[in-house]
Each structure stands twice: as structure tokens, then as C-alpha cells.
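Fold and geometry: a report
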Amino acid sequence: MELPLESVPNFSEGRDAGTIEALRSALAARADVFDVHSDPDHNRSVFTLVGDDPLLVDALLAGIACARERIDLRNHEGAHPRIGAADVVPIVALDPEDRERAQDCALRLADRIGTELGLPVFLYGDSAPDRSPAFYRRGGPAELQRRIDSGEIRPDYGPGQLDERAGGVIVGARRPLIAFNVNLATDDVEVARTIAAVVREKSGGFPGVRALGLFLPRAGHAQVSMNVEDYEAAALHEIVLRVGDEAHLRGVEVAGAELVGLMPAGAAAAAAGAMLRIEGFNASHVLELRLLERGL
């Protein structure tokens, strides 16, 4: 049985309930929306949806069109870096054998965004293996436009000028990842930034982990915000323990953790097995997952 493809579009709005609902409605008219995670400090909403390839592209195009109409980056402020109203739109193969399907879907979406919506599109992930969202986001929209004007980079689809209101869109196929935040019981953002540097892969930390240290003014605390790109190489419980140890060294406690969107069952099973100290425990020991494998 062929699985649907997943998408986890990130929109630059986490405060206006009317806009968040409009985005959800646009996406849900053509695909199944499983989760909506909105954060006012990040000023960002992350939607999780699945659908067959053509309908998923239609749904995402409708959502991006809604974002272009309702979100004005000129008036936007939030803790999370961004370059677009529809900032990043990944296409995810739930079955590793469908990675080529996901790549084809991402390119079809990118082409339609550029052609039908007139927004510049930048590829990442499996669609551009040497580039990540952070490659485009550094310095924000103004810096990205300067880099375009200088010839350093150019959009893969669409016009060469960022939209004044909506910016651009980062699109690509990627494997499933876990967006995961650890909140610290301090308002010292430098502590969060130091810990983020310790755990991120780029600084010699966990493989496949990207991390930022942020201050959330509405919540009143600092946060280590992470994308875990390979939960088998970097288990969530090990990351949390390391963050906790690093925080403790600096006289700070962990206030809690936050899952953004959904996560693979295998990651939850691995964490449960480790915490329960069950030797050799993995997703194959979870009854419901075994039933799903058999189509029951």
C-alpha cells in the first residue's frame, strides 16, 4: 500500500487567530491536516498535513497564496528567523522508498509557486543537498535580497526579486525530522546560545542536530530550539539529558520540553525504552505499530 506524502509548512504567523485559521482552512480543503502548532514568541505556525501527490501540491499552493495575502513581513517580528510569509515548505517521504516521489513533488510545487504565485523559490534538502533553510535565512529578507542582487545566489524558480510583503519560499524534499525545543528556567539568552552550540552538529555536537538559542519575551524564558534530522543517530532523550547537564553546569534548570508538530513513533519508542531501561527495545515492540505493518 502506497503511503501519502507529508508536508510540514512553516508560516510566519503565530499570533493572529484569524490568519492561522484561514491558513488551516486553505490547506484542509485539499489535504488532511493532522496538527497545527502556533507560537506567539516565534510568531510562527507549523502545520502537519498529508495527501496524495497532486492534492498535496494543490493544498500547499492554496496555503501559500493565503499567506501571501494575509501576512506582511514588513510588519513582522518574532524570535524565529524567516525569509518568507510561507517560510519553508518541506515535502517528506514517510516511506524511504518514496524519496524520489517526494523530490518530484517538491519540484512541481516549486515550479507552480514561481509561475502561478510569482514568488521566488529557493530549494534545499534532497532538492539542493548543499543548502539548508539557515543558508537563506541569515540576515533576514534584506540580506537575502542583497545576496541575490550581488549574484551570490539566485532563486531556483520564480522572479529574482523578493516580494515586498511575502518575501520568498524555501521548498525541498527531506527525510522526517523532529522539531523539538527545550525551555530553560532563565531569561539569559546567552546560556541558551551556549548550550545550542554544544549540542548542534556544526559545533561538534549530536549528528544531524541544528540548534538555536532564543529568548521568548512573552513566555519570559530562554529556549534551545532544535531540529533533529536523524533521531536514530541522535536520540531525543540523550539530547535532553545533555541540555540538562549543560544547563546545570551554568546554574540553570530545564523548565520543560516542547514538541513542534508530530514525531515518528520510532523516536518515542526509543526514548521510552531508554527511560524504562528495557534492553533492545524499539518500535517493533509496540503493539499498534506491528498491527499497522500488517495493515490491520
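See the structure shown above.
These remarks concern the structure in this document. (Residues numbered from 1 in each chain as written. Predicted model: local features only at pLDDT ≥ 70, side-chain atom pairs only at ≥ 80, totals over all residues. Heavy atoms only, no water.)

A few words now on the overall build of the protein. Helix and strand counts for the protein come out as nine helices and 11 strands. For 296 residues, the compact-globule estimate of 2.2 N^0.38 gives 19 Å, and the protein sits close to it at 19 Å. Taking the principal axes of the C-alpha coordinates as reference, the protein spans close to 55 × 50 × 35 Å. A buried classification covers 49% of the 296 residues belonging to the protein. By sequence separation, contacts in the protein at least 24 residues apart represent 73% of the contacts at least 6 residues apart. A total of about 14000 Å² of accessible surface is found on the protein, and carbon and sulfur atoms cover 50% of it. (Helix = DSSP H or I, 4+ residues; strand = E, 2+ residues; numbered from the N terminus. Rg over C-alpha atoms; globule rule 2.2 N^0.38 Å. Buried < 20%, exposed > 50% of the residue type's maximum accessible area, 1.4 Å probe, protein only. Contact = heavy atoms within 4.5 Å. Areas by Shrake-Rupley, 256 points an atom, 1.4 Å probe, with all protein chains shown as cover.)

Here we take up unusual backbone geometry. Located in the positive-phi region is Asn43, a residue other than glycine, with phi close to 55°. With respect to the helices and strands, Asn43 occurs in the loop between β3 (32–39) and β4 (44–51).

This part is about the sheet that holds strand β11 (residues 254–260). What the four strands build is an open sheet, ordered β9-β10-β8-β11; its pairing is antiparallel. In the strand order of this sheet, the two ends are held by β9 (209–216) and β11, each with one partner. Strand after strand, the sheet turns through a mean of 20° between neighbouring axes, direction not considered. Direction of pairing for β9 relative to strand β10 (residues 221–228): antiparallel, over a ladder of eight bridges. Among the inter-strand pairings, Leu212 is bridged to a residue of β10, identified as Ser225. The strands touched by helix α7 (residues 236–249) within the sheet are β8 (178–184), β9, β10 and β11, with β8 carrying the most contacts at an inclination of about 25°. (Pairing = 2+ DSSP bridges. Axes fitted to C-alpha atoms, helices over the stretch in contact; angles between N-to-C directions.)

Moving on, we come to the packing of aromatic side chains. The full count for this structure, using the stated rule, is three aromatic pairs. Ring centres of Phe11 and Phe47 lie 5.5 Å apart, and the angle between their planes is 80°; this geometry places the pair in the edge-to-face category. Highlighted residues: Phe11 in strand β2 (residues 10–11) and Phe47 in strand β4, separated in sequence by 36 residues. Each member of the pair Phe11 and Phe47 is classed as buried. Seen from their ring centres, Phe135 and Tyr136 are 5.0 Å apart, and the 85° between their planes marks the pair as edge-to-face. (Phe/Tyr/Trp six-rings, centres within 6.5 Å; stacked < 30°, edge-to-face > 60°.)

Let us look at the pattern of salt bridges. Considering all chains together, one arrives at 21 salt bridges under this definition. Across the salt bridge formed by Asp98 and Arg101, the nearest N and O atoms sit 3.1 Å from each other. Residue Asp98 shares its accessibility class with Arg101, and that shared class is buried. Taking the shortest distance from any N to any O, the salt bridge between Arg250 and Glu246 comes out at 2.9 Å. With relative accessibility at 34%, the residue Arg250 sits in the partly exposed group. Taken together, the shared-partner salt bridges in this structure form one network comprising Glu2, Asp53, Asp98 and Arg101. (Salt bridge = Lys/Arg side-chain N within 4 Å of Asp/Glu carboxyl O.)

The next subject is the side chain of His76. Locating His76 in the fold gives a position in the loop between α2 (53–70) and β5 (86–93). For His76, a relative accessible area of 11% gives the class buried. Residues contacting His76, with those up to four places away along its chain left out, are Ser12, Glu13, Asn43 and Arg82.

Here we come to the pairing of β10. Of all eight residues making up β10, seven are buried, and the element is well covered by its neighbours. Pairing analysis gives six bridges linking β8 to β10, with the strands arranged antiparallel. Along β10, the bridge assignment pairs Phe180 with Met226.

Glancing now at the nonpolar core. Ranked by internal contacts, the top residues of the largest apolar core, which has 40 residues, are Ile91, Leu109, Ile113 and Val171. Of all the elements in the fold, those that place two or more residues in this core are α1 (17–28), β4, α2, β5, α3 (99–117), β6 (121–123) and β7 (169–174). The element contributing the most residues to this core is α2, with nine residues. Grouped together as the second largest cluster of nonpolar side chains are 23 residues, Leu184, Phe206, Met226 and Ile239 included. (Core = buried A, V, L, I, M, F, W, Y, C linked by side-chain atoms within 4.5 Å.)

Relative to the elements of secondary structure, Gly280 occurs in the loop between α8 (265–276) and α9 (287–293). Judged by its relative accessible area of 52%, Gly280 is exposed. Taking the C-alpha atoms as reference points, Gly280 and Ala270, separated by 10 residues in sequence, lie 9.3 Å from one another.

This part is about helix α6 (residues 189–199). Among all positions of α6, only Val189, Val191, Ala192, Ile195, Ala196 and Val199 are buried. Seen from one end, α6 has its buried residues packed into an arc of 155°, which puts them on one side. For α6, the elements touching its buried residues are β8, β9, β10 and α7. Put simply, Asp188 is the residue that caps the front of α6, since its side-chain oxygen is 3.0 Å from the backbone nitrogen of Glu190. (Arc of directions from axis to C-beta. Polar contact = N/O pair within 3.5 Å; in protein donor to acceptor, adjacent residues only side chain to side chain.)

The values reported here are purely geometric and, on their own, carry no functional implication.
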